[in-house]
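Okay, here's what each chain looks like letter by letter:
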Amino acid sequence: MGRLVVVSNRLADPRKSAAGGLAVALGDALQRTGGLWFGWSGTVTEGGASGEGALRTRQAGNVTLATVDLCREDHESYYLGYANSVLWPVFHYRLDLADFNASYIAGYRRVNQMFARKLMPLLRDDDILWVHDYHLIPLAAELRALGCRQRMGFFLHIPVPPPLIMAAIPQHDWLMRSFFAYDLVGLQSEADVSHFTRYLGNEAGAQELGAPEPGGQRLRAFGATVQVQAFPIGIDVDEFTRLTHAAEAVETCESMRSEYSRRRLLLGIDRLDYSKGIPQRVRAFRELLQRYPENERSATLVMIASPSRDSVHAYADLRQELEGLCGAINGDYGELDWMPLRYIHRTVARKRVPGLCRAAAVGLVTPLRDGMNLVAKEFVVAQDPEDPGVLVLSRFAGAAEQLKEALLVNPYDTQGMADSIQTALQMPLAERQRRHQKLLARIREQDVHWWRQAFLQALEQAGDDADRAHLAGI
Ligand code: ADQ
């Protein structure tokens, strides 16, 4: 295999494990062959020309990190605008939150074109490119237009919506056509593959050329062929297990257990995002206290929501709604010696996350829609197998396709979710152990290294040069 080139909106130093599982896994792959990681530097410059940004490269071991700055206008239209106010809400089925401001698309295209221009001279003939996520869907088409013939794969970390929701995006045809400049498109779940395939069948008359692998499909449309396949992303189980037994996590677990020794701890850890179903979770918890009063003075929900995309309107509204709901539940149910809910708007240190998970009797992962949701997998890995906590998981998280032994819930159904939380709180030890064992085995089998290898292997086998030669016209 040639050199690996990873392109993602943001990048991390692959040598720093604080970067988290995904960065480490990609860093591993890059270090193996020596490679290049390209993306936005995270810097927004004032007064620069739109569609232009300074390119900087630095070396991290045998990996070159190449980053480009964005000017304020590009950041607003590409990142805050098209990526996070159009694609993110629509792909999470939230047409009500989408802002189809006509100026955003120009910024999205401009930045993808600029990335292609800056990246092109850094490429070698036998490189393999792996592009990540919704910020960069048209990158391959822009690179092909500049003459790039290298093998290119794309992985979408967020869900694909059903065809009619996708069709609400004014540029849906152009956007979906852009996927055909890749040789391989990886999605999180089989539901996503089915939505993708159905859209192309309905809207572009795509021909299905057969499945190269279970859960995959080769599609022909727009004069090109693309392979689409589900690669459910995993976590680095060994690394997370090590973190679970390291001093910081053990100390966190012990201090939580002693603080809540007379209580049952329920835990939610998320980015503060409307896709994560956080208000719905609070409503279900309130319903639990109402329907099952034996939980009063006992069940305590700790929710840690890290700040995210503060400058997008929908996020500020969510924060306000959540603060109202949390205040009301504590006001209505709290006692001098017990507050039912602790909500913290902060990122906790990664080293403490497994300790929090291990101390909890119930993990609440209840997104309205999620590509995968790695917190669900982290919660399971952090548990004590002798006395594991129970995972309550939304059926709308991509992870639900793999984690069938969790208690699957519909986050829109407040009563049903309250009943499931009660079931979790009362689940006998033997059943908790049985479910945990099965969940852990599946998470271990399809960990982040499996994911990376499966994707790269499929990419090496996908497409051929003859087909790729057509792509410049897309
Ligand atoms: P996210 O929506 O950001 O990513 P998710 O899968 O929920 O991701 O993982 C978030 C990560 O951040 C986890 O490792 C978690 O431990 C950590 N984290 C979350 N809140 C935290 C907090 N308050 N403090 C500390 N750490 C916190 C997107 C998609 C997902 C998909 C991932 C990976 O939306 O569906 O699973 O990419 O593909």
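Residues numbered from 1 in each chain as written. Predicted model: local features only at pLDDT ≥ 70, side-chain atom pairs only at ≥ 80, totals over all residues. Heavy atoms only, no water.

## Here's the deal with the environment of Gly-47
Next, step 1: Structurally, Gly-47 can be placed in the loop between strand S2 (35–45) and strand S3 (55–60).
Next, step 2: Take Gly-47: its relative accessible area is 79%, and that puts it in the exposed class.
Next, step 3: In sequence terms Gly-47 and Arg-72 are 25 residues apart; their C-alpha atoms lie 7.3 Å from each other. (Helix = DSSP H or I, 4+ residues; strand = E, 2+ residues; numbered from the N terminus. Buried < 20%, exposed > 50% of the residue type's maximum accessible area, 1.4 Å probe, protein only.)

## Looking at the packing of helix H2 (residues 72–91) against helix H3 (residues 104–119)
Next, step 1: Running from N to C, H2 and H3 point in directions that differ by 115°, and their axes come no closer than 8 Å. Here H2 lies roughly perpendicular to H3, going by the angle between them. Classified by chirality, the crossing of H3 by H2 is left-handed. Of the residues in H3, those touching H2 at Glu-73, Asp-74, Glu-76, Ser-77, Tyr-78, Gly-81, Tyr-82, Ser-85, Val-86 and Leu-87 are Tyr-104, Ile-105, Gly-107, Tyr-108, Arg-110, Val-111, Asn-112, Met-114 and Phe-115. (Axes fitted to C-alpha atoms, helices over the stretch in contact; angles between N-to-C directions. Parallel < 35°, antiparallel > 145°, perpendicular 65-115°, else oblique. Left-handed = near helix turned anticlockwise from the far one by under 90°. Contact = heavy atoms within 4.5 Å.)

## A short note on the environment of Gly-81
Next, step 1: Along the chain, Gly-81 turns up in helix H2.
Next, step 2: Classification of Gly-81 as buried rests on a relative accessible area of 0%.
Next, step 3: Here the alpha-carbon distance between Gly-81 and Gly-107, two residues 26 residues apart in the chain, equals 8.3 Å.
Next, step 4: In this view, Gly-81 contacts Glu-76, Val-86 and Tyr-104; residues no more than four positions away in its chain are not counted.

## Some points on the state of the cysteines
Next, step 1: Within the structure shown, the criterion is met by 0 disulfides.
Next, step 2: Cys-253 takes part in no disulfide bond, and the closest cysteine sulfur, belonging to Cys-357, lies 9.9 Å away.
Next, step 3: Owing to a relative accessible area of 6%, Cys-253 belongs among the buried residues under this scheme. (Disulfide = S-S within 2.5 Å.)

## Concerning the packing of aromatic side chains
For any pair of aromatic rings, the description consists of the separation of the ring centres together with the inter-plane angle of the planes.
Next, step 1: A complete count under the given rule lists 18 aromatic pairs for this structure.
Next, step 2: Each ring, one from Tyr-108 and one from Trp-174, has its centre 6.3 Å from the other, and the planes form 80°; the classification is edge-to-face. One end of the pair, Tyr-108, is in helix H3; the other, Trp-174, is in helix H6 (residues 172–178), and 66 residues separate them in sequence.
Next, step 3: Here Phe-231 and Phe-455 contribute two aromatic rings whose centre-to-centre distance is 5.2 Å and whose plane-to-plane angle is 65°, an arrangement assigned as edge-to-face. Residue Phe-231 is located in the loop between strand S10 (224–230) and helix H8 (237–245), and its partner Phe-455 is located in helix H16 (residues 448–461); the two are separated by 224 residues in the primary sequence.
Next, step 4: Cluster of aromatic residues (ring-pair linked, three or more members): Phe-38, Tyr-78, Tyr-82, Tyr-108, Phe-115 and Trp-174.
Next, step 5: Positioned over the ring face of Trp-40 is Arg-10, at 5.3 Å from the centre of the ring.
Next, step 6: The ring of Trp-88 carries the charged tip of Arg-309 above its face, separated from the ring centre by 4.3 Å. (Phe/Tyr/Trp six-rings, centres within 6.5 Å; stacked < 30°, edge-to-face > 60°. Lys NZ or Arg CZ within 6 Å of the ring centre and 35° of its normal.)

## Observations regarding the sheet that holds strand S5 (residues 128–132)
Next, step 1: Overall, mixed pairing links the 10 strands, which are arranged S3-S4-S2-S1-S5-S6-S7-S10-S9-S8 in an open sheet. Two strands in the sheet have a free side with no partner beyond their single neighbour: S3 and strand S8 (207–208).
Next, step 2: Bridge analysis of strand S6 (residues 151–155) against strand S7 (residues 184–187) gives 3 bridges, and the strand direction is parallel. Counted as the bridge partner of Phe-155 is Gly-186 from S7.
Next, step 3: Here H3 sits on the sheet in contact with strand S1 (4–7), S2, S3, strand S4 (63–71) and S5, set at roughly 145° to S4. (Pairing = 2+ DSSP bridges.)

## Considerations on the sheet that holds strand S11 (residues 264–271)
Next, step 1: Strand order in the open sheet formed by 6 strands is S13-S12-S11-S14-S15-S16, and the pairing between neighbours is parallel. Each of the sheet's edge strands pairs with one partner strand only, and the pair in question is strand S13 (341–344) and strand S16 (407–409). Averaged over all neighbouring strand pairs, the angle between strand axes comes to 20°, with direction disregarded.
Next, step 2: Sheet analysis places S11 next to strand S14 (residues 362–365), joined by 2 bridges and oriented parallel. When the bridges of S14 are listed, Leu-267 appears paired with Gly-363.
Next, step 3: Across the sheet, helix H10 (residues 278–291) lies against S11, strand S12 (299–306), S13 and S14, angled at about 175° from S12, the strand it touches most.
Next, step 4: Strands in contact with helix H14 (residues 414–426) are S11, S14, strand S15 (390–394) and S16; relative to S16, the strand with the most contacts, it is inclined by about 170°.

Everything listed here is a matter of coordinates, which is why it stays silent on function.
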